Amino acid sequence: MVKIQTPRFVDGEVRFTATELVRNHRYEARLVGPVEFGTIDRVVQTNANGTAAKVGVPLVDAPSGPYVVQVVDVGVTPEVVVAESEFHVVGTVTADEEPPPARVQLARTATTPTSDVVLTQEILRVTRARRFAEYQLHVDRALQRETNGAFSPAAYDVILRATREFLERDTTTIIDPGGNYLEGGNLPYLENVASRYPDARLGRTAADGVADIDEELLARPAPVELIWTYWDEEGATFQAMNLILARFQNRRLPNGLALERFSLSYLRPLRNLLYTWGDHEIDRLTVRRRAAEYEYEYGLSLIGRAVPGSLQYVERRSQFLESFHTLLHEALRFHRLDDDTTVVADGFPVLNALRDLHRTLAPGAENQFDGVALQSRIEAMAMQYVLAQPEMREFLGGRPMVPYEEPWMDKVDTVRALCGWGDTSVMSFHELAVHGEQLVMSVRWGDWSDISLTADSAANWARLMRDPVHRYVHAYRTVTGVDLQLGVDATMPAVLLARRNRARVRA
């Protein structure tokens, strides 16, 4: 499968490397942009082996917007796009032009363009591209390519490695020829942080070269947020998998839970996936370690027998929940005013909330921040892949008329119903995971502490994030019973879930 390394802007060209090309095939590189830009084609000149090529496509006076580079096999009919990589370009037109005079009219308020919207657009693009169907296909192909199926003892390792590749293959990519947003090719927030350590950059001190800052990390943020895993865990995906694995191993869990019937055929691959899953249990993150990181990054607690008490934690983000819910509440208020064509909505309350949340999140991006977030995400998605196997349906079933978005969800809902873990579908928890990640990533990596930012930047963020904000708030009300449109509620979600479950049992 042809792969494209992350495109870079160098000397007026978008440059990238295409690998795993098929020998003796003819390829073209295409740069496709907005309508006013059009398409640019270049013949791909492969290396001596004929399996890789370095490509450069000119990019001059390009308008802002989404772009994609493609590698096209032109030796077949019809032509086939064998690989592509998307990115955003910040145009050469400056964003600090004077806005038009305000007019009172029955029309939506005109937006004032700001260059920082490109980061939010890229985060939305990357997170929306992580569809489970594409992930499942990616893992299936890896298993077929590397082990010829799921019966191999190496299947577990292949699934985790393919999951990591899927998450890391498409990260936020911004090209800024005019330097309107990026600072030295890096995100402004990360460049600001890194500028405090000039002695640890670019190998200036030969003796400390190994300890230098990784310049690659300054251009693209970490690919995932831990809040995705938190809501997946609250939705009981981890618990459901643990229960299935215990029954597979003929064990009853400490609380007495057990599936009465779960018998997998020796002739089918799921039994091998579960066997290797149990065999590697010691290699996976424990619930204690995940719970400690939830507290460290977000101050979010889990409730359960395996979760240590709060006194076991050294540090926690106690202000996160209030700051996050304040931002959501202010964004909802802004949307209501923005829809009113007789007023001009004020973006300053949103800007202040963005700045407060950004400063709350910043200290949590330390220590094992990226390691636990990525590894727990890999393990959670691998669980979903196993739960989505057709054999699971034979024993766990699921409601056939419920329109589940992803094939693993009905299995989790079945286990939730059997164990009395609540009536709310895992679909609502998954919405919180997906949209919570989009919101938190856009606040963490934006340079919202910059004192030169205006309310226009906050207003543009609120308009771009309208769907994630409203869907998160609706899903939060469905899961916890708390409506953030009415006000800010900083009660821990785990406490609200426990209250609702106790009330359901009493009823």
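In the block above lies the structure referred to throughout.
Residues numbered from 1 in each chain as written. Predicted model: local features only at pLDDT ≥ 70, side-chain atom pairs only at ≥ 80, totals over all residues. Heavy atoms only, no water.

Undergrad: How should I be thinking about the pairing of strand S4 (residues 27-32) in this particular structure?
TA: Every regular strand shows the same layout, with side chains that alternate between the two sheet faces. Relative to strand S7 (residues 65-73), S4 runs antiparallel, the two being bridged by six bridges. Bridge pairing links Arg30 to Gln70 in S7. As defined by bridge partners, S4 adjoins strand S5 (residues 39-43) across five bridges and the pair is classed as antiparallel. For Leu31, the partnering residue across the bridge sits in S5 and is Ile40. The turn joining S4 and S5, which pair antiparallel and follow one another in sequence, is formed by six residues; a positive phi near 85° is taken by Gly38. (Pairing = 2+ DSSP bridges. Helix = DSSP H or I, 4+ residues; strand = E, 2+ residues; numbered from the N terminus.)

Undergrad: I would appreciate a short explanation of unusual backbone geometry in the present structure.
TA: Backbone phi values are negative for most residues with the exception of glycine, while trans is the configuration of most peptide bonds. A cis amide bond, omega -5°, links Thr77 with the succeeding residue Pro78. In this fold, Pro78 is placed in the loop between S7 and strand S8 (80-89). For Asp11, which is not glycine, the phi dihedral falls at a positive 50°. The residue Asp11 is located in the loop between strand S2 (8-10) and strand S3 (13-19) in this model. Judged by relative accessible area, Asp11 falls into the exposed class, the value being 67%. Here Asn24, not a glycine, exhibits a phi torsion of approximately 70°, which is positive. (Buried < 20%, exposed > 50% of the residue type's maximum accessible area, 1.4 Å probe, protein only.)

Undergrad: Honestly, the side chain of Ser428 in this entry has me stumped. Any pointers?
TA: Summarising the element assignment, Ser428 is placed in helix H15 (residues 426-445). Taking the relative accessible area as the measure of exposure, Ser428 reaches 14% and is therefore buried. Residues within four places of Ser428 in sequence aside, it is in contact with Ala475, Thr478 and Val479. (Contact = heavy atoms within 4.5 Å.)

Undergrad: Could you clarify how one ought to interpret the packing of aromatic side chains in this entry?
TA: Where two aromatic rings form a pair, the distance of their centres and the angle of their planes describe that pair. One pass over the full model with this rule turns up 17 aromatic pairs. Between the aromatic rings of Phe320 and Phe324, the centroid separation amounts to 5.4 Å while the plane-to-plane angle is 25°, which identifies the pairing as stacked. Residue Phe320 and its partner Phe324 are both found in helix H10 (residues 320-339); the two are separated by four residues, about one turn of the helix. Per residue, the accessibility class of Phe320 equals that of Phe324, and both read buried. Feature note: the residues Tyr230, Trp231, Tyr294, Tyr298, Phe320, Phe324, Phe429, Tyr472 and Tyr476 constitute an aromatic cluster, connected by ring pairs. When the ring centre of Tyr296 is taken as origin, the NZ or CZ atom of Arg317, which lies over that ring, is 4.9 Å away. The ring of Trp228 carries Arg377 above its face, with NZ or CZ at 4.1 Å from the centroid. (Phe/Tyr/Trp six-rings, centres within 6.5 Å; stacked < 30°, edge-to-face > 60°. Lys NZ or Arg CZ within 6 Å of the ring centre and 35° of its normal.)

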